[in-house]
Amino acid sequence: MKVIAIVGSPRKNGNTELLATHTLKAIAEEGLNTELIHLAGLEIKPCNACMVCQKEEKCSIEDDLFPIYLKMKEADGIILASPVYFGSATSLIKALMERAGYMARLNGEPFQGKVGGPLVVARRAGQNFTFAQLTLWFQILGFFVPGSTYWNVARGLEKGEVLRDEEGLKTAWNFGKNMAFLIKKVRS
Ligand SMILES: Cc1cc2nc3c(=O)[nH]c(=O)nc-3n(C[C@H](O)[C@H](O)[C@H](O)COP(=O)(O)O)c2cc1C
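Residues numbered from 1 in each chain as written. Predicted model: local features only at pLDDT ≥ 70, side-chain atom pairs only at ≥ 80, totals over all residues. Heavy atoms only, no water.

A. Geometry of the packing of aromatic side chains. By the definition in use, this model includes eight aromatic pairs. Each ring, one from Trp137 and one from Phe143, has its centre 5.5 Å from the other, and the planes form 35°; the classification is tilted. Using a relative accessible area of 5% as the deciding quantity, one classes Phe143 as buried. Their ring planes at 85° and their centres at 5.0 Å tell us that Phe138 and Phe143 sit as a pair that is edge-to-face. When its relative accessible area of 0% is taken as the criterion, Phe138 is described as buried. Through a chain of ring-to-ring contacts, the aromatic side chains of Phe66, Tyr69, Phe111, Trp137, Phe138 and Phe143 assemble into a single cluster. (Phe/Tyr/Trp six-rings, centres within 6.5 Å; stacked < 30°, edge-to-face > 60°. Buried < 20%, exposed > 50% of the residue type's maximum accessible area, 1.4 Å probe, protein only.)

Have a look at this one:
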C-alpha cells in the first residue's frame, strides 16, 4: 500500500514540503510506503481542452505530467499539498488537478475508491478556501477523504516557519494517521 504526496509549491524545502513530509512520516509509521513528489522545477502546463483524453488515456501536452499521473493511478492514497497564492492553490497544482482529473474522469475513473486529501500552508489567510478548493477535486473524483482534528491547514511564511505551528503540525499528523487507517480498511 502506497501514499504519494504531491507538493505544489514552486520552491523546494519550503513549508508545504515540510508539512507533507511530516504527514508522510505519520503514514509510514503505520507500515505504508510513501513518496513525496515535487512539482517545483517541473513543467506542468494547464489543460488546453484539446479533448484527446476523451478518445484515449493520454494527454497531448508533452511535459512532466503523464509520469506523475501514472504514479497517481498506482497509489492507494494521494495527498495534494499547496501553499496559498493570492487566496488560492498555486497554478502549478491546479494545472495537475485539471489534467490528471480530466484524464481520470474520461478514462474509467481510476481514482474512485482511493483515499486522499489536501494539505495547505499560508502566511495568514486563504487556507480554508484553498482547503475547500482541493477537497472539491478529491470529492468529484470519488476519493474517500478522511478528517483530522482540525482542517488540514498550517501557517508559515519563510521556509521552515511551519515547524513552529504546533497545531498545524498536529493536524497534519492526525490526518496522516486517519489516512493510513482508512486505506487499510478500504484495501482489506
Ligand atoms: C505569489 C505568492 C502569493 C501568496 N499569497 C498568499 C496569500 O494569499 N495568503 C497568505 O497567507 N500567504 C500568501 N503567500 C505566502 C505563502 O503562502 C507562504 O509563504 C507559504 O509558506 C509558502 O509555502 P512554501 O514554503 O511551501 O513555498 C503568498 C506567497 C507568494 C509567493
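Read on, since the account is not over.
B. Summary view of the packing of helix α1 (residues 15-28) against helix α6 (residues 166-187). Packing of α1 against α6 brings their axes to within 8 Å, and their N-to-C directions diverge by 40°. Between α1 and α6, the interaxial angle falls into the category oblique. Every pair of crossing elements has a handedness; the one defined by α1 and α6 is right-handed. Facing Leu19, His22, Thr23, Lys25, Ala26 and Ile27 of α1, the residues of α6 in contact are Gly168, Leu169, Ala172, Trp173, Phe175, Gly176, Lys177, Met179 and Ala180. (Axes fitted to C-alpha atoms, helices over the stretch in contact; angles between N-to-C directions. Helix = DSSP H or I, 4+ residues; strand = E, 2+ residues; numbered from the N terminus. Parallel < 35°, antiparallel > 145°, perpendicular 65-115°, else oblique. Left-handed = near helix turned anticlockwise from the far one by under 90°. Contact = heavy atoms within 4.5 Å.)

C. View of the pairing of strand β1 (residues 2-7). Extensive coverage of β1 is indicated by the burial of five of its six residues. Note: β1 against strand β2 (residues 33-38), six bridges, orientation parallel. Bridge pairing links Ala5 to Leu36 in β2. Each parallel crossover has a hand, and the one from β1 via α1 to β2 is right-handed. In the sheet, β1 pairs with strand β3 (residues 77-83) via five bridges, with the strands oriented parallel. Looking at β3, one finds that Val3 is bridged to Gly77. (Pairing = 2+ DSSP bridges. Right-handed = clockwise from strand over helix to strand, strands pointing away.)

Honestly, that's just the spatial picture; any functional story needs more than this.
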